Amino acid sequence: MIGNDKPTARIHGVILTLNESIHIARCITSIKDQVESITVIDSGSTDETVEIAERLGAEVIHHPWVNYATQLNFGISALAAKGGWLLRIDADEVLDPATPSRLTEVVSQVGSDCDGVLVRRRIYFLGRRMRHGAIEPSWQLRLWRNGRGRCEQRWMDEHVIVNGNVQKSEIVISDINLNSLTWWSTKHNQYASREAIDLLNAKFQFLKADKLPASGSSRQARARRFLKEKIYLRTPAGARTIAYFMYRYLLRLGFLDGKPGFYFHFLQGLWYRGLVDAKVFEIEALAEQKNTSIVSAIKDRTGFVVDDG
């Protein structure tokens, strides 16, 4: 606990930030009485994120942004000497009050062969919890033994991988973003560029890409990765985006989430996925037109420099 006696099982929170002054206090407050320390890895905030975090007792480390995996792995390395367990939580997330047990109780009860704890993640959009459309349950590996886990190296859809087994818990983390839809669409435009890089890499293999292991990761994450790579990506672009939206909104009952649900599934399940496919098409077309490499075309169209260095 920050400023209090150390809990029986030491837990250290890790938060990645960039201009999160609207969220950071809420996030830190939700976990500060259940962790020994909180470290914020900031990639150049120009608002009051750093000041707020430090005022609430967090240590702030500055590190330039490359991608999420690189940033999180930097944080993992920076905290290696602390021991205990690491808790990853995003700045716009909170440890939900619905969590029935304290974090220290959860990690104290896992078996010796367990290196990672899966939590339930909930998403709120336009003020409403998204319960349908294949959104819940969402199991994510957010708590793991320090020194036993790392983030797989991908540009998008990255997961933490641990050496040993993983175990489900009753921990609930809720994503409750307070920014506007304009901010949300801008952020997802950047996500689409990152995901386009992963899709192009699957085809052209210009980067090393980690694979989710049979153990040490969520079964749900492995299943979704398999469906995406073996079925979704082998379906023609355009048709797959429409089919995916229909699957989520109709077959998986996304319409039950009301008007916020329609906007969420339309934007995240149709607009976003269509934008990813459009960016892939744009980059491949430019590479062919200019007779240049895919890597060069990616930099030209997205601004991202991709290499294994």
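Residues numbered from 1 in each chain as written. Predicted model: local features only at pLDDT ≥ 70, side-chain atom pairs only at ≥ 80, totals over all residues. Heavy atoms only, no water.

Asks: Go over the side chain of Q220 with me, naming the residues and quoting the values.
Replies: In this structure, Q220 sits in helix α6 (residues 219–230). Within polar-contact distance, the side chain of Q220 engages the backbone oxygen of P137 at 2.7 Å. In this structure, Q220 is in contact with P137, S138 and W139, ignoring residues within four places of it in sequence. (Helix = DSSP H or I, 4+ residues; strand = E, 2+ residues; numbered from the N terminus. Polar contact = N/O pair within 3.5 Å; in protein donor to acceptor, adjacent residues only side chain to side chain. Contact = heavy atoms within 4.5 Å.)

Asks: So what's going on with the confidence of the model for the chain? Which residues, and what values?
Replies: With 96% of its residues at a pLDDT of at least 70, the chain reaches an overall mean of 93. Segment residues 3–7 is flagged for pLDDT under 50; beyond a separation of four residues in sequence, or across chains, it makes four contacts in the model. (pLDDT = per-residue confidence, 0-100.)

Asks: Describe the packing of helix α5 (residues 181–204) against helix α8 (residues 258–290), naming the residues involved and giving the relevant values.
Replies: The interhelical angle for the contact between α5 and α8, taken along N-to-C directions, is 50°, at an axis separation of 8 Å. Taken together, the axis directions place α5 and α8 in an arrangement best described as oblique. Considering only the axes of α5 and α8, their crossing is right-handed. For the contact of α5 with α8, the class distribution of residues is 15 nonpolar, five polar and six charged. (Axes fitted to C-alpha atoms, helices over the stretch in contact; angles between N-to-C directions. Parallel < 35°, antiparallel > 145°, perpendicular 65-115°, else oblique. Left-handed = near helix turned anticlockwise from the far one by under 90°. Nonpolar A, V, L, I, M, F, W, Y, C, P; charged D, E, K, R; others polar.)

Asks: For the pairing of strand β11 (residues 165–176), give the residues involved together with the corresponding values.
Replies: Here strand β5 (residues 93–95) runs beside β11; their pairing, made up of three bridges, is antiparallel. Across the sheet, the residue bridging to L95 is I173, located in β11. (Pairing = 2+ DSSP bridges.)

Asks: How would you explain the nonpolar core if you had to name every residue and give the values?
Replies: With 30 residues, the main nonpolar core has I11, I15, I24, L87, L143 and I171 as its most contacted residues. Looking at this core, the elements that each hand over two or more residues are β1 (11–17), α1 (24–31), β2 (37–42), α2 (49–55), β4 (85–88), α4 (103–109), β6 (114–125) and β11. When residues in this core are grouped by element, the largest group, four residues, is from α1. Setting aside anything within four residues of it in sequence, one finds L143 in contact with I11, W85, L86, L87, V107, D115, G116, V117 and I171. Of all hydrophobic cores here, the second largest spans 21 residues; its members include A192, F206, A297 and I298. (Core = buried A, V, L, I, M, F, W, Y, C linked by side-chain atoms within 4.5 Å. Buried < 20%, exposed > 50% of the residue type's maximum accessible area, 1.4 Å probe, protein only.)

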